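Results of the structural survey
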Amino acid sequence: MVSRSSAARCYALVPCAGAGERAGAGGPKQYRAVGGRSVVWHTLAALSGVSRLAGTLVVLSAADGEFERHAGEAACWTARVGGATRAASVANGLAALRERGVRDDDWVLVHDAARCLVLPSDIERLIEACEHDAVGGLLALPVADTLKRGSPGDAERVALTLDRRSLWQAQTPQMFRLGLLGEALARAGDAVTDEASAVELLGHSPRLVRGSLENFKLTWPADFALAERLLRTRA
Ligand code: C5P
């Protein structure tokens, strides 16, 4: 008999419907060029290097008229169902995956379009670490720096120092079964900024799988120059 876990397939879901205002790019950051290609092009190239993925769905905003120009030859599904928040975009993307035949017990790896430096080998390690797990998990990095909280009255003055032991920085992909993630997002609502926190609100403990520093999310203007340098050394 085929066991439930060995029959489950893995899919990537890429939320790509943000405005990217913090990046100051004068447009969505996922379409800004790094190393001669758009951010999302690099993201999809990395995902296409993961043989365990049975398919990739990119969630775009309804008004998106740019994706096809930036994505190149990437083999992926698209759904113009982006929401007002990342959580809403992911929840709508799950429904679009269901319409394409993805089942509740299949795994969905949610990966930010803006993390274009993810390594296929890190994604493969995440899949290996989580595919037999009851909950699922995420790539993350143990926090190395000492963390300060800014004061409410003046964000550029320290209010307190946090204990960094046992703190991790959450990255993506975040890998959960479609059914569990759909239920978690429906209960958590729009406020959560990652999938794991929605799953945690259901009382589960996602697995932390050590990722790489290079898999940072391009967020601030200076991140693009750093990504450019890293891509050059990889080539
Ligand atoms: O804004 P943030 O950096 O958290 O966005 C992370 C990812 O989520 C990006 O790839 C962005 O395009 C996507 N996103 C989305 N829908 C939104 C907001 C963000 O798909 N409403």
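These remarks concern the structure in this document.

Tallied over the entire structure, the rule returns 16 salt bridges. Salt-bridge contacts for Arg103 lead to Asp106; the nearest nitrogen and oxygen are separated by 3.6 Å. For Arg103, a relative accessible area of 39% translates into the label partly exposed. Note that Glu214 and Arg234 form a salt bridge whose closest N and O atoms lie 2.6 Å from each other. Pair noted here: Glu214 is in the loop between strand S11 (207-210) and helix H8 (221-234) and Arg234 is in helix H8, with a separation of 20 residues, a long-range link. In this structure Glu214 comes out as partly exposed when scored by relative accessible area, which is 28%. Salt bridges sharing common partners tie together Arg9, Arg103, Asp105 and Asp106.

Our focus in this paragraph is the site of the ligand. The local shell around the ligand holds 16 residues, among which Pro15, Ala17, Lys29, Gly83 and Ser89 are the closest. At a separation of 3.3 Å, an oxygen atom of the ligand approaches a polar backbone atom of Cys16. Here Ala114 contributes a backbone N or O atom positioned 3.4 Å from an oxygen atom of the ligand. Burial of the ligand by the surrounding chains reaches 85%, relative to a free accessible area of 460 Å². Counted by class, the shell around the ligand contains 6 nonpolar, 5 polar and 5 charged residues.

Rules of the game
- Residues numbered from 1 in each chain as written.
- Predicted model: local features only at pLDDT ≥ 70, side-chain atom pairs only at ≥ 80, totals over all residues.
- Heavy atoms only, no water.
- Salt bridge = Lys/Arg side-chain N within 4 Å of Asp/Glu carboxyl O.
- Buried < 20%, exposed > 50% of the residue type's maximum accessible area, 1.4 Å probe, protein only.
- Helix = DSSP H or I, 4+ residues; strand = E, 2+ residues; numbered from the N terminus.
- Near = heavy atom within 4 Å.
- Polar contact = N/O pair within 3.5 Å; in protein donor to acceptor, adjacent residues only side chain to side chain.
- Areas by Shrake-Rupley, 256 points an atom, 1.4 Å probe, with all protein chains shown as cover.
- Nonpolar A, V, L, I, M, F, W, Y, C, P; charged D, E, K, R; others polar.

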